[in-house]
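Overview (structure and organization)
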Amino acid sequence: MPLIKEVPEPVFDTSKIKTGYLVYAKHSSWKESIGGFVSAVNDKEVVVQYHPGIGNVTNHFIISAKEASLGNWNVRYSPDLLEVNKYPED
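Report follows, based on the coordinates. (Residues numbered from 1 in each chain as written. Predicted model: local features only at pLDDT ≥ 70, side-chain atom pairs only at ≥ 80, totals over all residues. Heavy atoms only, no water.)

**A short note on the sheet that holds strand S3 (residues 45-50)**
Spelled out, the test is: Two strands pair under a simple rule: DSSP has to find at least two bridges between them. Comment: elements are numbered from the N terminus, with helices defined as DSSP H or I runs of at least four residues and strands as E runs of at least two. Helix axes are fitted to C-alpha atoms over the stretch in contact, other axes to C-alpha atoms as well, and angles between N-to-C directions run from 0 to 180 degrees.
Spatial strand order, S4-S3-S2-S1-S5-S6: six strands in an open sheet with antiparallel pairing. The strands lining the two open edges of the sheet, one partner per strand, are strand S4 (59-64) and strand S6 (85-87). Neighbour to neighbour, the strand axes of the sheet diverge by 35° on average, direction disregarded. As paired elements, S3 and S4 share six bridges and run antiparallel to each other. Residue pairing across strands places valine 48 opposite phenylalanine 61, the latter belonging to S4.

This is the structure in structure tokens:
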């Protein structure tokens, strides 16, 4: 009996979202959405950096592909704000 099981898992299409893209996202546990920019991306997570509104500081949040696929995230993203993409799509 093998110790490791191969199972399919959701991943981000890294050709659709890249470092520097603008993001406006809301986790299901938050009251409001937060706007920021992508500071790192790989197939399992997107790291979004934002200004929390206190002094000369930045903060970040991480959007995991697994949580997004479960419907815990609403995300709008764009490279230039000329075309804004949404997840989940309407």
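**Looking at the pairing of strand S5 (residues 73-78)**
Pairing between strand S1 (residues 22-27) and S5: six bridges, direction antiparallel. The residue bridging valine 23 from the neighbouring strand is tyrosine 77, located in S5. Two elements, S5 and S6, share three bridges in a ladder whose sense is antiparallel. Pairing of arginine 76 across the sheet is with lysine 86, part of S6. Linking S5 back to S6 in an antiparallel pair, the connection comprises six residues, with leucine 81 at a positive phi of about 65°.

**Topic: the nonpolar core**
Heads up, the rule is: The nonpolar core is taken to be a set of buried Ala, Val, Leu, Ile, Met, Phe, Trp, Tyr and Cys residues, with the residues joined through side-chain atoms within 4.5 Å. Throughout this description, buried means an accessible area under 20% of the type-specific maximum (1.4 Å probe, protein chains only), exposed means over 50%, and partly exposed covers the range between.
If you look at the biggest cluster of nonpolar residues, it comprises 16 residues, and the most contacted ones within it are Val23 and Ile63. Listed by contribution, the elements that provide at least two residues to this core are S1, S3, S4, helix H1 (65-69) and S5.

**Here's the deal with the packing of aromatic side chains**
Note the cut-off: Ring geometry is summarised as follows: Phe, Tyr and Trp rings, the Trp one being its six-membered ring, pair when their centres sit within 6.5 Å, and such pairs are stacked at plane angles under 30 degrees, edge-to-face over 60 and tilted between the two.
Considering all chains together, one arrives at four aromatic pairs under this definition. Residues tryptophan 30 and phenylalanine 61 carry aromatic rings whose centres are separated by 5.2 Å and whose planes lie at 85° to one another, so their mutual orientation is edge-to-face. Here phenylalanine 61 lies in strand S4 and tryptophan 30 lies in the loop between S1 and strand S2 (34-41), a separation of 31 residues in the sequence. Owing to a relative accessible area of 24%, tryptophan 30 belongs among the partly exposed residues under this scheme. Pairing tryptophan 30 with tryptophan 73 gives two aromatic rings, centres 5.1 Å apart and planes at 85°, and the pair type is edge-to-face. A residue pair is termed long-range when its members are at least 10 positions apart, and tryptophan 30 in the loop between S1 and S2 and tryptophan 73 in strand S5 qualify at 43 residues. Looking at tryptophan 73, the relative accessible area reads 3%, which means it is buried. One aromatic cluster is present, formed by Trp30, Tyr50, Phe61 and Trp73 through successive ring pairs.

Fair warning: the whole summary comes from geometry, so function is off the table for now.
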